[in-house]
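Results of the structural survey
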Amino acid sequence: VQLQASGGGLVQAGSSLRLSCVASGRTFSTYVMAWFRQAPGKEREFVGQINRDGNPYYVDADSIKGRFTISRDNAKDAVDLQMNSLKPEDTAVYYCAAGGPSTRRGVVAEYFHWGQGTQVTVSS
């Protein structure tokens, strides 16, 4: 499956953005879909994921708690990341990734497919 992420941009602190990741292929609904982000000079960071049934899981981090929401639409082969109250520290390239039932949450190497990333820049 190929993943195409979009929706990034340059916004001011306090704004919202909605990222979307669209998959090609007929097996999207079988994948666990995750979002990661990577800031300059830092490792790729797990944001959260959503399973095939639409149940989300978010990293337990004060950095994103309560501000980010992951949703999916299997009919459209898409997974979204709604980001509210954006902060400058949210600036990063955001990636979507597809994993399977045995993929350990947040373990980068265990996700099968990756999107190309979309840049989010939050100005203060």
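Here, the structure is the one placed above.
Structural notes, computed from the coordinates. All residue numbers here refer to positions counted from 1 along the written sequence of the relevant chain. Only residues with pLDDT of at least 70 are given local features in this predicted model, and only at 80 or more are side-chain atom pairs given and counted; all residues enter the totals for whole chains, interfaces and linings. Neither water nor hydrogens contribute to the side-chain values; these are computed over all heavy atoms in the structure.

A closer look at unusual backbone geometry
One non-glycine residue with positive phi stands out, namely Asp77, at about 55 degrees. Non-glycine residue Ser85 carries a positive phi angle of around 50 degrees. Helical segments are the DSSP runs of H or I of at least four residues, strand segments are the runs of E of at least two, and each set is numbered from the N terminus. As for its placement among the helices and strands, Ser85 is situated in the loop between β8 (78-83) and β9 (92-99).

Section: the sheet that holds strand β3 (residues 17-24)
Strands were regarded as paired on the criterion that DSSP finds at least two bridges between them. Reading across the sheet, the four strands line up as β1-β3-β8-β7 and stay open at both edges, with antiparallel pairing between neighbours. Bordering the open sheet on either side are β1 (2-6) and β7 (68-73), each of which pairs with just one other strand. Mean inter-strand twist for the sheet, computed between neighbouring axes without regard to direction, equals 15 degrees. Alignment of β7 against β8, held across six bridges, turns out to be antiparallel. Along β8, the bridge assignment pairs Ile70 with Leu81. Helix axes are fitted to C-alpha atoms over the stretch in contact, other axes to C-alpha atoms as well, and angles between N-to-C directions run from 0 to 180 degrees.

Some thoughts on the state of the cysteines
Defined by distance alone, a disulfide is two cysteine sulfur atoms within 2.5 Å. Across all of its chains, the model carries one disulfide by this definition. Note on cysteine connectivity: Cys21 is disulfide-linked to Cys96, with sulfurs 2.1 Å apart. One disulfide, between Cys21 and Cys96, carries an S-S torsion of 65 degrees and so falls in the right-handed class. In this pair, Cys21 sits in strand β3 while Cys96 sits in strand β9, placing the two residues 75 residues apart along the sequence. Of the two residues, Cys21 and Cys96, neither departs from the other in class, the shared state being buried. Exposure categories follow from relative accessible area, calculated using a 1.4 Å probe and restricted to protein chains: below 20% of the type maximum is buried, above 50% is exposed, and the middle band is partly exposed.

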